[in-house]
Amino acid sequence: MRSLLYFLSVALVIGLAYWAYQQNLETQQALKRVTKLQDKIAATHEALAVQRAEWAYLNRPDRLRELAELNFGSLELLPMDPGHFGSIDEVSFPPLPGLSQDGVVRSASGSNGGRP
Amino acid sequence: MTNRIPLRPLARILRARDKGHDPDEIERENIRDRQEIQRDNLRVVSERRLLLAAVLTVAAFGLIGLRMWSISSEAVAEPITRSGGSEILAARADIVDRNGRLLATNLQTQSLYAQPPLMTNPERAAAELARVFPGLDAEKLRQDFTGTRKFIWIKRRISPEQRQMVHDIGEPGLLFGPREMRLYPNGAVAAHILGGTKFGAEGVHSAELVGVAGVEKAFDTYLRDPANGGAPLQLSIDLTLQAAIEEVLYDGMRLMSAKGASAVLMEAKTGEVLAMASLPDFDPNDRPAPPVEGDPSDAPIFNRAVQGLYELGSTMKIFATAQALELGLVNPDTHVPTQGPLRAGGFAIKDYKDLSPSQTVTNVIVKSSNIGTARLAQQITVPRQQAFLRALGFLDASPIELIEAPNVRPLMPDPWTELSAMTVSYGHGLSISPLHLATGYSSLLNGGHVVTPTLLKRAAPELGPRIVSEEVSAASREMLRLVVDSEDGTASFARFPGYAIGGKTGSADKPRHTGGYYEDKLISTFAQVFPTDDPQYVLIVMLDEPEITVLGENRRTAGWTAVPVSHEITLRIAPLLGIRPSVEYAGNPELNPG
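Residues numbered from 1 in each chain as written. Chains lettered and ligands numbered in written order. Predicted model: local features only at pLDDT ≥ 70, side-chain atom pairs only at ≥ 80, totals over all residues.

A tally of helices and strands in chain B yields 18 helices and 20 strands. Relative to the 2.2 N^0.38 estimate, which gives 25 Å for 594 residues, the radius of gyration of chain B is 43 Å and therefore markedly larger than a compact globule would have. Dimensions of chain B along its principal axes, counting C-alpha atoms only, are 170 × 70 × 55 Å. Split into buried and exposed, the 594 residues of chain B put 43% on the buried side. Within chain B, contacts between residues separated by at least 24 positions form 69% of all contacts whose residues are at least 6 apart in sequence. (Helix = DSSP H or I, 4+ residues; strand = E, 2+ residues; numbered from the N terminus. Rg over C-alpha atoms; globule rule 2.2 N^0.38 Å. Buried ≥ 20, exposed ≤ 12 C-beta atoms within 10 Å, placed from the backbone. Contact = placed C-beta atoms within 7 Å.)

Structure representation (structure tokens):
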């Protein structure tokens, strides 16, 4: 009886030691993984900041103005002036599905004839 | 186990009985012997246990002692568990405009330093470095590298290409350290507002960025505070408006051959500054050092809109008429004597053009009569005028969040006599900044509530105490509209069909440093509010020493210089602000757009 008790306690100690060792190892590995992830997050943040800076740099007003002037031939962009205000009915929307060339509404769904 | 001796050995008992001894004694003796043996055994056992306990105790304490020694002797290390991305949050926060567009951000670059003791070939390194960086002096580098110095900064910021070229030199004594750099992606746009940064305390692995001017310095603590979690600083500036205004203002400044110009666009009801420009400007990425000679107010880093104090001339007249209306001294149709010259305190006040003997208050503004406003100032009296101007913020430094602002105190007459009151009423004797003027116009014309100028985006209008009544504010706006819209107004160039624009011109002689005024140098200002029926924006345009030849005549006054520039700016920004031309103010139908 006594020897069984001894055996059990020794086995328990060995088991606990193994468990503690395992936990320690896992913790260390988790910490390593966290460090690696944080480095990755930091690198991504940095890359993101560079992208944002680059985007802002490429969209700086001076450059856009120059580009608008350079591409005037194809884009015909002018600085906005009060004459550029329009009304919604001047905008040509693509024809609604179900609306034929002669403007007669065929389908029930488009019968309100309204524009979006 | 030893053989046990029986307690009553038969042989001995029999022998004792024969001799007449007590056989019990033998038993007792044997019991005693046995107990002694037992005691000896027990002692050995307990001694062994004590020894074991002592060894264990010593071992345990020894272990603790060893651990303490190892902890105390090892190098201090950061705790391993860090909060997510803590390195990133330590960086200086971004600055964005009111729509979230980047105005200032950080970029990771490299710095270059040298450690001569590690160098294999200092002469060659010096020569090669001078080839990579044309600004460096090869001879000086060679002296540094071959001398006694152990550490030399070579470049604070280098580009990836330059870094590769330095790598290609292949010198082990040339080393790189990461460097956070402040980047202003829009270049010179909003340069005076942003200010600039420099490197503060620096080490090999990092350097702190410290604001040196503008909001960068005013909000330095906020921008560097890691507790903000990297949240950007949002300004009230609108980048698109700012860029458009700077562009038009620059063209206008060149056209009018002015030596400087400034513009402030303010939201009239909130006091938010939407755009603030000062020309000439600079690139905050490479902020020039303050000038050591010449007039500091001519340097590009001088912010004319905030730091520049000017006598802004007739633009001030509206405050005199508004106060007279508010005090009930006059109404817009009251006639004021304008026969000149008006002599006061040994000084003659004259008008630019002689006017008829009397004019209505509205016409005093429309025709810009110095004599008329001086007469009103006489009625207002000095203390009331001072109190009114102080309430508008004209007698104190502007509370705007720029590091330069608190040191710029308006220059005012001392003592403030009745004559001072008369000259101040038409803008002479009191020097304020264009930003002061924008704040004053906003407060007076937004319905009569004092606003506080700010560079931070506000969620809702913060209305200060009332300075004039709603009616006086509306009447003032109407007078300003007539300055633009009536045939003999001084700002007819500001007219644009479809827009209700009101404004006041101001042309003031520039004061000499030596006293007195220049004959041929003017500060031309145009202060405008639009739309006058629903005052939303106040725009101040100021040109420093403008001059333009029109129809063979040299023109310097605001009506010919500041007004056309302001008009051009309005045309550009009105669509950006989403203000549609209205049919009510269409005027010429052919010009009516849409």
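Text resumes after the structure shown.
Between chain A and chain B, the residue contacts involve 23 residues of the former and 30 residues of the latter. Listing elements by their share of the side of chain A that touches chain B, those giving two or more residues are α1 (2-58) and α2 (61-70) of chain A. Here the side of chain A that touches chain B gets 12 residues from one element, more than from any other, and that element is α1 of chain A. The class makeup of the residues in the side of chain A that touches chain B is 13 nonpolar, five polar and five charged. (Nonpolar A, V, L, I, M, F, W, Y, C, P; charged D, E, K, R; others polar.)

Here we come to the nonpolar core. All names here are of chain B. Core analysis: the biggest nonpolar cluster contains 128 residues, and Ile 245, Ala 263 and Leu 265 have the highest contact counts within it. Broken down by element, the residue count for this core peaks at eight residues, all from helix α10 (residues 239-255). Setting aside residues up to four positions removed in sequence, Ile 245 forms contacts with Ala 263, Leu 265, Ala 275, Ala 277, Ile 569 and Ile 573. (Core = buried A, V, L, I, M, F, W, Y, C linked by C-beta atoms within 7 Å.)

Below, the discussion takes up the environment of Asp 298 of chain B. All names here are of chain B. If you trace the backbone, Asp 298 turns up in the loop between β9 (273-279) and β10 (310-311). Assessed through the 13 C-beta atoms surrounding it within 10 Å, Asp 298 is described here as partly exposed. In sequence terms Asp 298 and Gln 242 are 56 residues apart; their C-alpha atoms lie 22 Å from each other.

Here we take up the domain arrangement of chain B. Residues and elements named next belong to chain B. Partitioning chain B into structural domains gives domain 1 (92-232) and domain 2 (240-286 + 297-591). A straight line from the C-alpha centre of domain 1 to that of domain 2 covers 43 Å. Counting residues at the interface gives 19 residues for domain 1, matched by 17 residues for domain 2. Listed by contribution, the elements that provide at least two residues to the side of domain 1 that touches domain 2 are α7 (191-194) and α8 (214-218). For the side of domain 1 that touches domain 2, the per-class residue count stands at 12 nonpolar, five polar and two charged. (Domains from an automatic or database assignment.)

A word on the packing of helix α13 (residues 370-380) of chain B against helix α15 (residues 418-425) of chain B. Residues and elements named next belong to chain B. At a closest axis distance of 8 Å, the pairing of α13 and α15 adopts a crossing angle of 135°. In this view, α13 runs oblique relative to α15, as classed from their interaxial angle. In the packing of α13 onto α15, the handedness of the crossing is right-handed. Taken together, the residues of α15 that come into contact with α13 (itself represented by Thr 373, Ala 374, Leu 376, Ala 377 and Gln 378) are Glu 418, Ala 421, Met 422 and Ser 425. Within the contact of α13 with α15, the residues separate by chemical class into five nonpolar, three polar and one charged. (Axes fitted to C-alpha atoms, helices over the stretch in contact; angles between N-to-C directions. Parallel < 35°, antiparallel > 145°, perpendicular 65-115°, else oblique. Left-handed = near helix turned anticlockwise from the far one by under 90°.)

This part takes up the environment of Val 472 of chain B. Residue and element names in this part refer to chain B. Relative to the assigned elements, Val 472 resides in helix α17 (residues 470-485). A residue is classified by how many C-beta atoms lie within 10 Å of it, and Val 472, with 23 of them, is buried. Taking the C-alpha atoms as reference points, Val 472 and Pro 332, separated by 140 residues in sequence, lie 9.4 Å from one another. Among residues more than four places away in sequence, those in contact with Val 472 are Ala 322, Leu 325, Glu 326 and Gly 448.

Let us look at the sheet that holds strand β17 (residues 517-530) of chain B. Residues and elements named next belong to chain B. Taken in spatial order, the five strands line up as β9-β8-β18-β17-β16 in an open sheet, and their pairing is antiparallel. Looking at the sheet topology across the chains shown, the edges are occupied by β9 and β16 (502-511). Each strand of the sheet is rotated relative to its neighbour by a mean of 10°, with strand direction disregarded. Where β16 meets β17, nine bridges bridge the pair, whose relative direction is antiparallel. (Pairing = 2+ DSSP bridges.)

To continue, consider unusual backbone geometry. All names here are of chain B. In this model, Asp 414 is joined to Pro 415 through a cis peptide bond whose omega is 0°. Turning to its location among the elements, Pro 415 is positioned in the loop between α14 (382-391) and α15. For the bond running from Phe 530 to Pro 531, omega is -20°, close enough to zero to count as cis. One non-glycine residue, Ala 190, lies in positive phi territory at about 60°. Topologically, Ala 190 is positioned in the loop between β4 (174-183) and α7. Although it is not a glycine, Ser 368 adopts a positive phi angle of roughly 55°.

Here the focus is the confidence of the model for chain B. Residue and element names in this part refer to chain B. Across chain B, the average pLDDT comes to 86, with 95% of residues at or above 70. Across chain B, element-level confidence peaks in strand β8 (residues 260-267) with a mean pLDDT of 94 and bottoms out in helix α3 (residues 86-89) with 47. Contacts of residues 588-594 to residues separated by more than four positions or lying in other chains number 12 contacts, the stretch itself having pLDDT below 50. Predicted as a complex, the structure gets a pTM of 0.77 and an ipTM equal to 0.71. (pLDDT = per-residue confidence, 0-100.)

Residues and elements named next belong to chain B. Burial runs high along α15: six of the eight residues are buried. For α15, the full list of buried residues reads Ser 420, Ala 421, Met 422, Thr 423, Val 424 and Ser 425. Structurally, α15 contributes buried residues whose contacts are with α11 (317-326), β12 (342-344), β13 (347-349), α13 and α14. Immediately downstream of α15, the backbone of Gly 427 shows phi near 90°, a positive value.

Residue and element names in this part refer to chain B. The element strand β18 (residues 537-544) is extensively covered by neighbouring structure, given that eight of its eight residues are classed as buried. The alternating pattern of β18 places Tyr 537, Leu 539, Val 541 and Leu 543 on one face and Val 538, Ile 540, Met 542 and Asp 544 on the opposite face, and all of these are buried. For β8 and β18, the ladder comprises eight bridges, and the chain directions are antiparallel. Across the sheet, the residue bridging to Gly 260 is Asp 544, located in β18. Sheet analysis places β17 next to β18, joined by eight bridges and oriented antiparallel.

Residue and element names in this part refer to chain A. Mean pLDDT over chain A stands at 82; residues scoring 70 or higher make up 84%. Ranking the elements of chain A by mean pLDDT puts helix α3 (residues 72-75) last, at 88, and α1 first, at 92. Confidence drops under a pLDDT of 50 for residues 108-116, and excluding neighbours within four residues, the segment shows nine contacts in the predicted structure.

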